[in-house]
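The chain contents come next:
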Amino acid sequence: QVQLVESGGGLVQPGGSLRLSCAASGSIFSIYVMGWYRQAPGKQRELAAAITSGGSTNYADSVKGRFTISRDNAKNTVYLQMNSLKPEDTAVYYCNAKQTLRSYWGQGTQVTVSS
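Quick summary incoming for the structure in this document. This is a predicted model, so every value here is computed, not measured.

When you go through the chain residue by residue, the secondary structure sums to zero helices and eleven strands. Of the regular secondary structure in the chain, the N- to C-terminal order runs β-β-β-β-β-β-β-β-β-β-β. Scaling as 2.2 N^0.38, a compact globule of 115 residues should have a C-alpha radius of gyration of about 13 Å, and the chain matches this with 13 Å. Dimensions of the chain, computed from the C-alpha atoms along their principal axes, are close to 40 × 25 × 25 Å. Scored against the burial criterion, the 115 residues of the chain give a buried share of 42%. In the chain, of all internal contacts separated by at least 6 residues, the share reaching a separation of at least 24 is 52%. With the model as given, the accessible surface of the chain reaches about 6,100 Å², and the carbon-plus-sulfur share is 49%.

Next comes the structure, spelled out in C-alpha cells:
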C-alpha cells in the first residue's frame with residue numbers, strides 16, 4: 001500500500017504562484033512514476049505533469065512553461081510549482097503514484113485562481 005498526502009492548494013489571483021506537495025509513504029520502493037492530475041468542475045480528470053523514477057518529466061500542453069514538477073527522493077515528496085496561474089487552472093489537483101500492478105491517489109487539494 002502507498003499513502004499520498006497532498007498540501008499547498010488555495011486561492012490565488014491570476015498571474016500568481018502556488019506550490020503543491022505530495023508526500024508518499026508505505027510501499028514506495030516500486031513506484032516508477034508520480035504525477036499530478038487535475039479535475040475541473042464538469043470535466044474529466046487530466047494529467048498536468050508527471051515525473052519518472054529516473055527524473056524524466058512530461059507536461060500537458062496547457063501547463064508547459066508555467067508548471068514544473070520535481071521530486072525530493074530523500075523526503076519521498078513530489079512537488080508541483082505552478083507559476084503564471086490562470087483562471088482555467090482552477091481545479092482539484094490529485095497526486096498519483098503508479099506501480100506495475102496498482103495506481104494510488106491522494107485525497108486532492110483545491111486550487112482556485114480568481115481575482
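Checked against the element boundaries, T77 lands in strand β8 (residues 77-82). Engagement of the side chain of T77 in a polar contact is seen with the backbone oxygen of K75, the distance being 2.9 Å. When residues no more than four places from it in sequence are discounted, the contact partners of T77 are S21, C22, A23, S70, R71 and D72.

The residue N76 is not glycine, and still its phi comes out positive at about 55°. Among the structural elements, N76 can be located in the loop between β7 (67-72) and β8. Phi at S84 takes a positive value of approximately 50°, unusual for a residue other than glycine. Looking at the secondary structure, you find S84 in the loop between β8 and β9 (91-98).

Overall, the coordinates contain one disulfide when judged by the stated rule. Across a sulfur-sulfur distance of 2.0 Å, C22 and C95 are joined as a disulfide pair. Judged by the sign of its S-S torsion, about -80°, the cystine formed by C22 and C95 is left-handed. Remark: C95 occurs in strand β9 and C22 occurs in strand β3 (residues 18-26); sequence separation between them is 73 residues.

As a further point, take the environment of S27. As for its placement among the helices and strands, S27 is situated in the loop between β3 and β4 (33-39). Sequence separation between S27 and W105 is 78 residues; the distance between their C-alpha atoms is 14 Å. When residues no more than four places from it in sequence are discounted, the contact partners of S27 are Q1, V2 and Q99.

Parameters at a glance
Residues numbered from 1 in each chain as written. Predicted model: local features only at pLDDT ≥ 70, side-chain atom pairs only at ≥ 80, totals over all residues. Heavy atoms only, no water. Helix = DSSP H or I, 4+ residues; strand = E, 2+ residues; numbered from the N terminus. Rg over C-alpha atoms; globule rule 2.2 N^0.38 Å. Buried < 20%, exposed > 50% of the residue type's maximum accessible area, 1.4 Å probe, protein only. Contact = heavy atoms within 4.5 Å. Areas by Shrake-Rupley, 256 points an atom, 1.4 Å probe, with all protein chains shown as cover. Polar contact = N/O pair within 3.5 Å; in protein donor to acceptor, adjacent residues only side chain to side chain. Disulfide = S-S within 2.5 Å.

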